[in-house]
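So the chains spell out like this:
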Amino acid sequence: MKELAVRVGGQAGDGIASIGESIARSFSRMGLHVFGLNAYQSVIRGGHVWYHARASEGKVHCQGDTADILYALDRQTVDVHASILRPGGTVIFDPEKFPLAPTDVSSEIHLLPVPTLEIARKYTSQSILQNAAGIGATAFLAGIPIDVIHQVLTDSFGRKAGDVVTWNIGASTDGYRFAETKGPIHPKAIAKKDPPKLLMTGNQAIALGAAAAGCKFLVQYPMTPATSIMHWLAAHSRALGIVVKQSEDELASINMAIGASYAGVRTMTASSGGGFALMTEGLGMAGMAEVPVVVVDAARAGPSTGLPTKTEQGDLNLLLGAGQGEWPRAILAPSDPVEAYNLTVAAFDLAERFQTPVLVLTDFHLAEAMEGVDREEINFNIPIPSLFTVEPDSHRYRRYLDTESGVSPRAFPGQPGLNHIALSDEHDEYGGDVSDIRAGIPAAIAVRKKMMEKRMRKLKGLAKEVPPPVLEGPPDAPLTFVAWGSPVGAVRDAMAILQEKGKATNLLRFPTLYPLDPDVVRSMFARTRKTLLVEGNFSGQFAHLLRAETGIEFPHKFLKYDGEPFYPHQIVARAQEVL
Amino acid sequence: MAESVVAPIASHSATQLPIVGKSEVRPTWCPGCGDYSVVASIEMALKRLKIPSKDVVIVSGIGCSSNLPHFLSSYGFHGLHGRTIPVAEGVRWGNHGLTVIGTGGDGDGFGIGVGHLIHAMRRNVKLTYVTMDNQVYGLTTGQASPTSRMGQKTKSTPTGVIENPLDPVSLALASGATYVARGFSGDVKHLTDLVANGIQHKGFAFVDVFSPCVTYNKVNTFDFFRQRVYKLENAGHDPSDLGAAFQRSLEWGDKIPIGLFYSVDKPTYEDLEQVLAAGPLAYQPSGLKGREKLLDEFV
């Protein structure tokens, strides 16, 4: 399988992400599978940032381990990243910016000096145009046809006034032609395939999934890496008829979401772990008052403020234990953008059917990395049933009617004859408060017990309805990877590398983290031989959960908590130790 | 747009619909509590305005006064301590055909929940927020509240409060509330007028009510206020004058003003949120069926 990767690096504010995205989008439009990773820091200007665009004939699941072309906007980029270049790779740089000698890099690496600043000066005094010249040279080397890169630049600058588009086209052409005169296209470059693919982040997929599932109210407070969910929905708010509210804090987010849901609207809120922590009391209320709400936690490296722009899977325990007391919840954990779309749709369905919060747990790596998606993988044809199912004027309507499933008929303000109080206090079937004058009286003790059991009964139904664990690869492989969320991508690529080395492995992955059906999980582990649990946190939170729920132990773990995503070669190395 | 949500069809004509009255639940407040007058004023105001009980949602937080929604026959949401306002805003944006009234105490609204209050006021969400301000925490048996006066001895301040009280009326004026009033539980008729006008007001209507706690506040009693309150309506106050309203809000001592401090007509959040122009969100169509062109932007 032919593949090629481009890395571009420089300082924050240099426009690294837009260079990288232009390259990634060009590959994607050529019909190649792309994984695009934007690595940055918690500053707006300064600091080292880089973008990695990996393109392949077949599906790639993560950023991969290597690069073939390195476009360095500063010397630090060469120092930090030249080591990942495969033999035959090329460093593109501008000698006017910094000197670079062949002896500065390994003997198998080529240098391609490109006068990007000089090209830019032909058009404007704005030095940022050097990037277009660099993009042009990179595109040539990467085998991107010039019309593809021109169209991508036109689309991204099209809204800007004046000569910006003309300058970008001119400078990129100059860079492209300059590279052409200096040597051949990189031998690993892949010819254009059709049709173009979609390129989306996990956050965009979640925003799209919410809209497709009938979400009409998104309330959110900005927090990296969840913020771009709000950005996408805000940009489409009027066209799609979705109210997007930036709240004053996450306490407001969850309570506004609950209020709107109580009024008859499908709602979502999203944050990272810090904001999620503030929502926990509200989530418990949604569990108690039986109000559906979908909440996304795009986790980043904690604890506390932690590493705001780096990845981790450290929030699972937070989600499992969110809120005082006990209330039913489901936790879904997509591993790629398509699954992020599908599980968001599922989250809305489950939240509504079980009238309780459904939590979607992602991480920085899934939230912000871009991945190629085929158009056919996104299904907009989602059935959206009416919420108004209770006949008006029902005699003695009981909002919290005790049922076998634990789910009660749900009425909404505005419906006549169904007036009731929804509440955070313990209550009877009618919504009558049993916490004040009745608490502790025998009849109220019985009500408390009954209502607690009614709510918690939903977990049994949820366990049957949530997406089950999935086994990928040969069922009888000598090693089974166990993973959830974004590391699944690197595991898949590691499995392919191991396969090439003649070592069969398989993967047991968990799109649902909670509730689990212990019998189902145990039966899936019944066939596994050795296991290697791959998880992006310090203590192996999911391993603890699996052991608590099923008794299964994981003697071999690969736990990562350095803020960086898993790389396939790291997983391969750890697997070889275990095998 | 694809799937449509069918609005519920009322089985009565509007004139026959029941109006808000008392519920089957008797108030649980101490005998003589100021809050009885507040629930009565809300009930009378809603009766006067003939708003069907199906279209009224009373939202509260936690505290003695936050039990109020249970005592009326409307819809209600009895939420968390300090979170009355965001739930009420969510209800309002979910279905802006509803009349939404927030109720609660001074601890709920001016202590733990004050952040939300300021933002709701500057947004001019169309809500009526009635606080039963007794200057003490009642349900937790008598601690200092944000409106307790300097020097007041409570269980948490046995040698007296050593911080300045928050003034809800000045805060509301500074935060951009478009209807700012203060009532007194000792004058239900006057309070009912303030609440009814607040419900009719297009925007955020704030009614702070001196609602004495007969159990834990032995200073700010019914008698304390009876001796001091005077009505702005009888004092030549112009409620369109923000500067004069601020001046009046600072008065505390032998004379304490009640009545309408300020009222101004401004667009509400719901007026400016263009998505809501198509009608209540709860009844709008949803989903992406047939909108596959949306995916083009990802190419």
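Keep in mind that this is a model prediction, so the values were computed, not measured. The residue numbers shown here count from 1 along each chain, following its written sequence. For naming, the first written chain is A and the first written ligand is 1, with later ones following in the order written. Local features are withheld for residues below a pLDDT of 70 in this predicted model, meaning they are given only at 70 or higher, and side-chain atom pairs are given and counted only at 80 or more; totals for whole chains, interfaces and linings count all residues. Note: side-chain values were computed over all heavy atoms of the structure, leaving out hydrogens and water.

1. Let's talk about the overall build of chain B
Link 1 in the chain: Of the regular secondary structure elements, chain B holds nine helices and 10 strands.
Link 2 in the chain: Counting only C-alpha atoms and orienting by the principal axes, one finds that chain B spans roughly 70 × 45 × 40 Å.
Link 3 in the chain: Any pair of residues with heavy atoms lying within 4.5 Å of one another is described as a contacting pair. Of all intrachain contacts in chain B linking residues separated by at least 6 positions in sequence, the fraction that spans at least 24 positions is 73%.
Link 4 in the chain: Residue-level accessible areas treat just the shown protein chains as cover; the underlying method is Shrake-Rupley with a 1.4 Å probe. Carbon and sulfur atoms make up 56% of the accessible area of chain B, which amounts to about 11400 Å² in all.
Link 5 in the chain: A residue counts as positive if it is Lys or Arg and as negative if it is Asp or Glu; His and the chain ends are not included. By convention, the charge on Lys lies at NZ, on Arg at CZ, on Asp at CG and on Glu at CD. In chain B, 27 side chains carry a positive charge and 27 a negative one; their mean positions are 4 Å apart. For the purposes of this entry, the term helix denotes a DSSP run of H or I that reaches at least four residues, the term strand denotes a run of E that reaches at least two, and both are numbered from the N terminus.

2. What to know about unusual backbone geometry
All names here are of chain A.
Link 1 in the chain: For the peptide bond that leads from Gly302 to Pro303, omega is 0°, which places it in the cis range.
Link 2 in the chain: Looking at the element boundaries, Pro303 is found in the loop between β11 (293–299) and α12 (316–321).
Link 3 in the chain: Backbone torsion omega between Tyr514 and Pro515 reads -5°, so that peptide bond is classified as cis.
Link 4 in the chain: Assignment of secondary structure puts Pro515 in the loop between β19 (512–514) and α18 (518–525).
Link 5 in the chain: Despite not being glycine, Ser304 shows a phi value in the positive range, around 55°.

3. Notes on the interface of chain B and chain A
Link 1 in the chain: Each partner contributes residues to the interface: chain B has 64 residues there, and chain A has 74 residues.
Link 2 in the chain: In total, chain B and chain A occlude about 5700 Å² of area from one another, counting both sides; carbon and sulfur atoms represent 63% of this.
Link 3 in the chain: Accessible surface is computed with a 1.4 Å probe, and the buried area is the amount of it that two parts give up when combined, taken over both parts together. Ranking the residues of chain B by area buried against chain A places Tyr75, Phe298 and Val299 of chain B at the top, with a combined share of 14%.
Link 4 in the chain: The salt bridge definition used is simple: a Lys or Arg side-chain nitrogen within 4 Å of an Asp or Glu carboxyl oxygen. At the boundary of chain B with chain A, the tally comes to three salt bridges.
Link 5 in the chain: The partner of Glu24 of chain B in a salt bridge is Arg396 of chain A, with the nearest N and O atoms 3.5 Å apart.
Link 6 in the chain: Pairing of N or O atoms within 3.5 Å defines a polar contact, subject to two protein rules: one partner must be a possible hydrogen donor and the other a possible acceptor, and residues neighboring in sequence count only if both atoms are side-chain atoms. Inspection of the chain B/chain A interface yields 25 residue pairs in polar contact (both at pLDDT 80 or more).
Link 7 in the chain: Every element with two or more residues in the side of chain B that touches chain A is listed here: β2 (75–78), α2 (84–94) and α4 (114–123) of chain B.
Link 8 in the chain: Looking at the side of chain B that touches chain A, the element that brings in the most residues is α2 of chain B, giving seven residues.
Link 9 in the chain: Residues are grouped as follows: Ala, Val, Leu, Ile, Met, Phe, Trp, Tyr, Cys and Pro are nonpolar; Asp, Glu, Lys and Arg are charged; every other residue, Gly included, is polar. Tallied by class, residues from the side of chain B that touches chain A come to 30 nonpolar, 21 polar and 13 charged.
Link 10 in the chain: Being paired, for any two strands, means DSSP has found at least two bridges between them. Bridging between strand β15 (residues 421–423) of chain A and β2 of chain B involves three bridges; their strand directions are parallel. Across the sheet, the residue bridging to Ala422 of chain A is Phe77 of chain B, located in β2 of chain B.

4. Some details on the layout of surface pockets
All names here are of chain A.
Link 1 in the chain: In this analysis a 1.4 Å probe is tested at points of a 1 Å grid over the protein atoms alone, and where it fits but cannot get out there is a cavity; an open set with protein on both sides within 12 Å along at least five of seven lines is a pocket; lining residues have an atom within 4 Å of a point. Grid points are joined across faces, edges and corners, and a volume is the space filled by probe spheres set on the points. One number sums up the size of the largest pocket: a volume of about 1300 Å³.
Link 2 in the chain: Lining the largest pocket are 43 residues, and of these Ala17, Ser18, Glu21, Arg25 and Ser156 sit closest to its centre.
Link 3 in the chain: Listing elements by their share of the lining of the largest pocket, those giving two or more residues are α1 (16–29), β2 (33–39), α4 (130–141), α5 (146–157), α6 (164–182), β7 (198–201) and α8 (227–235).
Link 4 in the chain: The element contributing the most residues to the lining of the largest pocket is α1, with seven residues.
Link 5 in the chain: In terms of residue class, the lining of the largest pocket is built from 19 nonpolar, 16 polar and eight charged.

5. Points about the domain arrangement of chain A
Residues and elements named next belong to chain A.
Link 1 in the chain: By convention here, the domain bounds are inherited from an automatic or database domain assignment. Split into domains, chain A comes out as domain 1 (3–196), domain 2 (200–377) and domain 3 (470–578).
Link 2 in the chain: Summarising the inter-unit geometry, the C-alpha centres of domain 1 and domain 2 are found 34 Å apart.
Link 3 in the chain: Between domain 1 and domain 2, the contact holds 17 residues from the first and 13 residues from the second.
Link 4 in the chain: In total, domain 1 and domain 2 occlude about 1100 Å² of area from one another, counting both sides; carbon and sulfur atoms represent 48% of this.
Link 5 in the chain: The three residues of domain 1 that bury the most area against domain 2 are Phe35, Tyr40 and Lys59, which together make up 39% of that side's buried surface.
Link 6 in the chain: Taken together, domain 1 and domain 2 are joined by zero salt bridges.
Link 7 in the chain: At the surface where domain 1 touches domain 2, the tally comes to six residue pairs in polar contact (both at pLDDT 80 or more).
Link 8 in the chain: Counting only elements with at least two residues in the side of domain 1 that touches domain 2, the list comes to α1 and β2.
Link 9 in the chain: Among the elements that line the side of domain 1 that touches domain 2, the one with the most residues is β2, at seven residues.

6. Section: the environment of Gly284 of chain A
Link 1 in the chain: Relative to the helices and strands, Gly284 of chain A is located in helix α11 (residues 273–289).
Link 2 in the chain: Along the backbone, Gly284 of chain A and Thr356 of chain A are 72 residues apart, and their C-alpha atoms lie at a distance of 9.4 Å.

7. Regarding the pattern of salt bridges
Link 1 in the chain: Tallied over the full model, the rule gives 48 salt bridges over all chains.
Link 2 in the chain: What emerges from the salt-bridge pattern is a single network uniting Glu3, Arg54, Asp68, Arg86 and Asp493 of chain A.

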